[in-house]
Amino acid sequence: MPHTQDQRKFVYDFTEGNKDLKDLLGGKGANLAEMTNLGLPVPPGFTITTDACKVYLDSGDEPAALRDEVSEHLAALEERMGKKLGQPDDPLLVSVRSGAKFSMPGMMDTVLNIGLSDSSVAGLATQAGDERFAWDSYRRLIQMFGKTVLGVDGELFEEALDEAKRTKGVKTDVELDAGDLSTLVDEFKGIVAKETGRDFPQDPRTQMDLAVRAVFDSWNGERAKLYRRQERIPHDLGTAVNVCSMVFGNLGPDSGTGVAFTRDPASGHQGVYGDYLQNAQGEDVVAGIRNTVPLAELERIDKASYDQLMKIMETLETHYKDLCDIEFTIERGKLWMLQTRVGKRTAGAAFRIATQLVDQGLIDEAEALRRVNGAQLAQLMFPRFDDKAPGDGKVRPVGRGIAASPGAAVGKAVFDSYTAVKWSRSGEKVILVRRETNPDDLNGMIAAEGILTSRGGKTSHAAVVARGMGKTCVCGAEDLEVDTKRRRMTLHDGTVVEEGDLLSIDGSTGKVYLGEVPVVPSPVVEYFEGRMHAGAAEADELVGAVHRIMSYADRVRRLRVRANADNAEDAARARRFGAQGIGLCRTEHMFLGDRRELVERLILADTGDEREAALGALLPLQKGDFVELFEAMDGLPVTIRLLDPPLHEFLPDITDLSVRVALAEARHEAHENDLRLLQAVHRLHEQNPMLGLRGVRLGLVIPGLFAMQVRAIAEAAAQRKNAKADPRAEIMIPLVGTVQELEIVREEAERIIAEVEQAQGVELKLTLGTMIELPRAALTAGQIAECADFFSFGTNDLTQTVWGFSRDDVEASFFTAYLEKGIFGVSPFETIDRGGVGKLVRLATEAGRATRPDLKLGVCGEHGGDPDSVHFFHEVGLDYVSCSPFRIPVARLEAGRATVTGG
Ligand code: PEP
Ligand code: MG
């Protein structure tokens, strides 16, 4: 490959970036730059771009220009700070922190105190006037560097630290003095040398370069990969690296560190929310190791810093026009901003904050709609605990923690991640109970219904990660004494909760119960059901906010939303939820239960008369189904799909029946009907039924089947018409691959409809269209449109056939491996594969409309209710999406968002 000089700029000073450069500088870097340019007190530093990381991850080497660029920016930083990195008499120290485009709390590496060495530790002691602090900082550097950069087992350092405390007969780190810590530094250096075969690097620049490389590498650490898969963050973004001059929150009682929110991330209300930890470094708060005090107490501890912080928070909220979260440090009475970002929030708070900001005049309604999403709405539709339910005596409140992530979770207590995963695999619902969580608990958190911790605040690892996952979490429930070793916890009154005991936790109130609390429906669902009005006294602010945003989404959206519903009950619910018709009624569901036997008779029919008799028995039943459906959807379109699945699905299982017949034959008792049935089962047995005799092929091969269904639809519509109602039936043919199939079915259908119209004396105005769910149908859509009034994309089958995936087989067998290998970030059955399946949808849309400009176009595969896919269907220009009734509000919201986000 010819060598070309990479012209890109790989390092940006904090003064050079801004908040819109997240792709390049990562979220943290972009926002540090933004704050710097707002004139806020940010410790100076620079950011190494995600481009540099990508080059490194692709080639295994940093880009050639990086070293010189870093030298330049480091020199500028040193000049500004008036001291050099690691300068023996007054060392400049820096932190090296990861910072990707999307926040990945605790998933990647950070190294603090870079620049300390045997020769500069004394300089730091002199400058800080605190020898103990200097040695403690040095031992923290070797520990962090050893673990994250050099890959030394962190336990070895922890053990050495514990040993030092034991020898001295003390309990906490704080009781170790400068001498003890200096001895510990020697031990730590010994550990590094022994484990890695080389000495802890004394050269500050080497420390920095190795730390930067370790941050790059941590992008592909197992924890980070798992988190990205969960959060659907693409694997190819890479991380930026922030090199920032150190400020210290652990220089005494006039120092400290904290986290703050400009609003409550759980309720959205304005106020003073956050945690503060005196005489501590930032990592101590985020890790939730020591208990913090509420931010409001800072006013008493250090009024000047508190006042300044409040002002900064206001500046940030008006500047970002959104809830911001902040990490700050106070070093000897001087406030420093270490980070800000538009803060994560609960789903409820997202809706509330968006409408509050509209009311404050900070954003308009379109922006409010952009600020919420379908996944959040779906979360709000979960049921909650019923605190008014009469207890059965067995349930009792046992503690209260911080409401860290909402929802109601019930499950058996487990005290470690391994058991959480094991039990949940065997179908148990579990609550993961920990003193505090750390990134190693991720698998357990995923497996659990909810997470309960006894330590840590709203910004602890457990809280942040659970909120991101949309999982119920109560943290910092201090009354509960968790003993993970003995797998149990002790309550305030001495009661012991063992592994396997039932717990209920309420992530909206922070309450913890022993036993199983009954759950009630969500108020948002009550609102959608029409049982609660947004303006009613009992409706809370959340329902009002959802109502306002949904109404706006409905006003602006172009896509209509229909439901996939097969019976009147689902149809009625769908209508309450805002469905504008039925996009898919799968008639096969009408052939089950008692009626299965009639299908059996149809299949076994030897003569025309027998077949007619079976069809004749089915006709009135089908007609009755359709009448009910038209009633529920009066005035709205109802797309009825003729029978799709292979007939053998209505027959007994081949193995079961073979055994039964064989046993009966052995006893000379075989029934003639069973023998005929077995023959039929053999005849209809297919190696690959998905690609076999199904869909339109059935209609063409089984005489009278589609005709009966068309007649039932026409007669039902006529009956409703004659009752002065407004039925709007659309007949849909599945699995068409070529226009000729459709022509034959259409001819017959038109004849039957005309017969019914004449007999009943009504004009039915039925339309007839087809599903586009085979690649060939999409590729010949221009021709097919000559014979179809509408297309409905069956993206379930289209995905199966475009990829050559049999969904039932592949999802269970190798999809996990594919997701793990990053072949796709999300299953193509969940979110439309834009590049493949989506391309065919686009092509067929264009070709269909070219033939027939008034062709109606919709989608009825599961993708119709998936947020990202809804945006795609909007872009392509479909007329409607159709999804399951419960997803309808999500589809309405996302259709609105697609309009205001332009895609
Ligand atoms: C489809 O294939 O997308 C579809 C809606 O049909 P079914 O899922 O019933 O095969
Ligand atoms: Mg299909």
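Novice: Is there a simple way to explain unusual backbone geometry in this structure?
Specialist: Leaving glycine aside, a negative phi is the common case for residues, and trans is the common case for peptide bonds. Even without a glycine there, the phi angle at Arg332 is positive, about 45°. A positive phi angle, near 55°, is found at Arg487, a position not held by glycine.

Novice: Would you explain the coordination of the magnesium ion (ligand 2) in this entry?
Specialist: A metal bound by six donors in octahedral fashion has ideal angles of 90 or 180 degrees, whereas one bound by four tetrahedral donors has an ideal angle of 109.5 degrees. On the protein side, the magnesium ion (ligand 2) has Glu773 (OE) and Asp797 (OD) as donor atoms, found 2.0 to 2.1 Å from it. One end of the pair, Glu773, is in the loop between β28 (767–772) and α29 (775–779); the other, Asp797, is in helix α31 (residues 795–803), with 24 residues separating them in the sequence. Judged on exposure class, the residue Glu773 and its partner Asp797 are both buried.

Novice: How should I be thinking about the packing of aromatic side chains in this particular structure?
Specialist: In this description, a pair of aromatic rings is defined by centroid distance and the angle of the planes. Summed over all chains, the structure comprises 15 aromatic pairs. Measuring from centroid to centroid gives 6.0 Å for Tyr276 and Phe328, while their planes differ by 5°, and the two rings are stacked. Pair noted here: Tyr276 is in strand β7 (residues 270–278) and Phe328 is in strand β9 (residues 324–331), with a separation of 52 residues, a long-range link. Residue Phe328 is classed as buried on the basis of its relative accessible area of 0%.

Novice: How should the environment of Tyr276 be read in this particular structure?
Specialist: By relative accessible area, which is 2% here, Tyr276 ends up buried. Each C-alpha atom, one on Tyr276 and one on Ala296, is 8.7 Å from the other, the two residues being 20 residues apart in sequence. Contact partners of Tyr276, with chain neighbours within four places excluded, come to Ser255, Gly256, Thr257, Gly258, Thr292, Val293, Leu298, Ile301, Phe328 and Ile330. Polar contacts involving the side chain of Tyr276 include one to the main-chain amide nitrogen of Gly256, which spans 3.5 Å.

Novice: Looking at this structure, how should I read the domain arrangement of the protein?
Specialist: A common way to state how big an interface is: give the accessible area lost once the parts meet. Under the domain assignment used here, the protein contains domain 1 (256–342), domain 2 (384–520) and domain 3 (557–646 + 686–901). A C-alpha centroid distance of 44 Å is found between domain 2 and domain 3.

Novice: Any chance you could explain the site of ligand 1 here in plain terms?
Specialist: As a structural note, the neighbourhood of ligand 1 is formed by Leu584, Arg586, Arg641, Asp644, Met771, Glu773, Gly794, Thr795, Asn796, Asp797, Cys860 and Gly861. A distance of 3.3 Å separates an oxygen atom of ligand 1 from a polar atom in the backbone of Gly794. Between ligand 1 and Thr795 there is a distance of 3.0 Å, counted from an oxygen atom to a backbone nitrogen or oxygen. For the shell around ligand 1, the elements supplying multiple residues, two or more each, are β25 (582–586) and α31. For the shell around ligand 1, the element with the highest residue contribution is α31, accounting for three residues. Broken down by class, the residue content of the shell around ligand 1 amounts to three nonpolar, four polar and five charged.

Novice: Got a minute to help me understand the nonpolar core in this structure?
Specialist: The nonpolar side chains of a soluble globular protein tend to be buried with one another. Within the largest apolar cluster, 137 residues are counted, with the highest numbers of intra-cluster contacts made by Phe351, Leu377, Val546 and Ile733. Among the elements that line this core, the one with the most residues is helix α27 (residues 705–722), at eleven residues. In terms of nonpolar packing, the next biggest core, distinct from the first, is built from 59 residues, Ala125, Val170, Met246 and Leu251 among them.

Novice: I'm lost on the sheet that holds strand β4 (residues 110–114) in this one. Help?
Specialist: The strands that make up a sheet pair up through hydrogen bonds in the backbone, lying either parallel or antiparallel. Strands sit in the order β1-β2-β5-β3-β4 across an open sheet of five strands; the sheet is antiparallel. What marks the edges here is a single partner per strand, and that holds for β1 (11–13) and β4. On average, each strand axis in the sheet is tilted by 20° relative to the strand beside it, whichever way the strands run. Examined bridge by bridge, strand β2 (residues 45–48) and strand β5 (residues 239–245) share four bridges and lie antiparallel to one another. In the strand pairing of β5, Gly45 is matched with Cys244.

Novice: Looking at this model, I keep getting lost on the sheet that holds strand β19 (residues 488–490). Mind explaining?
Specialist: The three strands are arranged β18-β19-β20 in an open sheet whose pairing can be described as antiparallel. In this open sheet, the two edge strands, each paired with only one partner strand, are β18 (481–483) and β20 (496–498). Each strand of the sheet is rotated relative to its neighbour by a mean of 20°, with strand direction disregarded. Summarising the sheet, β18 and β19 pair through three bridges and their orientation is antiparallel. Each residue of the ladder has a partner; that of Asp483, found in β19, is Arg488.

Novice: How do you make sense of helix α5 (residues 131–149) when you look at a structure like this?
Specialist: Residue pairs spaced three or four apart in an α-helix point in one direction, given the helix's 3.6 residues per turn. For α5, built from 19 residues, the straight-helix expectation of 27 Å at 1.5 Å per residue is met to within 8% by its first-to-last C-alpha distance of 26 Å. Of all 19 residues making up α5, 14 are buried, and the element is well covered by its neighbours. The N-capping residue of α5, defined by a side-chain oxygen 3.2 Å from the backbone nitrogen of Arg132, is Asp130. Directly after α5, the chain includes Gly151, whose backbone phi takes a positive value near 70°.

Novice: What is the right way to look at a negative patch on the surface in this model?
Specialist: On the surface, a cluster of negative charge is contributed by Asp153, Glu155, Glu158, Glu159 and Glu195. Its location among the elements puts Glu158 in helix α6 (residues 154–168). Overall, Glu158 belongs to the partly exposed group, its relative accessible area being 35%.

Novice: Explain the packing of α27 against helix α28 (residues 739–760) to me, please; I cannot follow it from the model alone.
Specialist: Between two packed helices, both the angle of their axes relative to each other and the distance between the axes serve to describe the pair. Put simply, α27 and α28 touch, their axes get as near as 9 Å, and they point 35° apart. Between α27 and α28 the crossing geometry is right-handed. Between α27 and α28, the contacting residues are Phe706, Ala707, Val710, Arg711, Ala714, Glu715, Ala718 and Asn722 on the first element and Val745, Glu748, Ala749, Ile752, Ile753, Glu755, Val756 and Gln760 on the second.

Novice: Help me understand a nonpolar patch on the surface, please; the structure alone is not making it clear to me.
Specialist: A surface patch of nonpolar side chains, about 270 Å² in accessible area, is lined by Leu700, Val701 and Ile744. Residue classification places Ile744 among the exposed residues on the basis of a relative accessible area of 52%.

Novice: Quick question: what am I supposed to make of the side chain of Gln709 here?
Specialist: Relative to the helices and strands, Gln709 is located in helix α27. Residue classification places Gln709 among the buried positions, given a relative accessible area of 0%. Polar side-chain contacts of Gln709 include one of 3.1 Å to the side chain of Thr587. Discounting residues that sit within four places of it in the chain, Gln709 has contacts with Thr587, Phe591, Gln622, Phe626, Leu642 and Leu643.

Novice: Just checking my understanding: could you explain the environment of Leu764 for this structure?
Specialist: By the element assignment, Leu764 lies in the loop between α28 and β28. Every residue in contact with Leu764, bar those within four places of it in the chain, is listed here: Ala714, Ala717, Ala718, Lys721, Ile753, Val756 and Glu757.

What counts as what
Residues numbered from 1 in each chain as written. Chains lettered and ligands numbered in written order. Predicted model: local features only at pLDDT ≥ 70, side-chain atom pairs only at ≥ 80, totals over all residues. Heavy atoms only, no water. Donors = N, O, S within 2.8 Å, 3.2 Å for Na, K, Ca; no water. Helix = DSSP H or I, 4+ residues; strand = E, 2+ residues; numbered from the N terminus. Buried < 20%, exposed > 50% of the residue type's maximum accessible area, 1.4 Å probe, protein only. Phe/Tyr/Trp six-rings, centres within 6.5 Å; stacked < 30°, edge-to-face > 60°. Contact = heavy atoms within 4.5 Å. Polar contact = N/O pair within 3.5 Å; in protein donor to acceptor, adjacent residues only side chain to side chain. Domains from an automatic or database assignment. Near = heavy atom within 4 Å. Nonpolar A, V, L, I, M, F, W, Y, C, P; charged D, E, K, R; others polar. Core = buried A, V, L, I, M, F, W, Y, C linked by side-chain atoms within 4.5 Å. Pairing = 2+ DSSP bridges. Axes fitted to C-alpha atoms, helices over the stretch in contact; angles between N-to-C directions. Expected span 1.5 Å × (residues − 1). Patch = residues over 30% accessible without salt bridge, like charges linked within 9 Å, V, L, I, M, F, W, Y side chains within 5 Å. Areas by Shrake-Rupley, 256 points an atom, 1.4 Å probe, with all protein chains shown as cover. Salt bridge = Lys/Arg side-chain N within 4 Å of Asp/Glu carboxyl O. Lys, Arg positive; Asp, Glu negative; His and termini not counted. Charge placed at Lys NZ, Arg CZ, Asp CG, Glu CD. Left-handed = near helix turned anticlockwise from the far one by under 90°.

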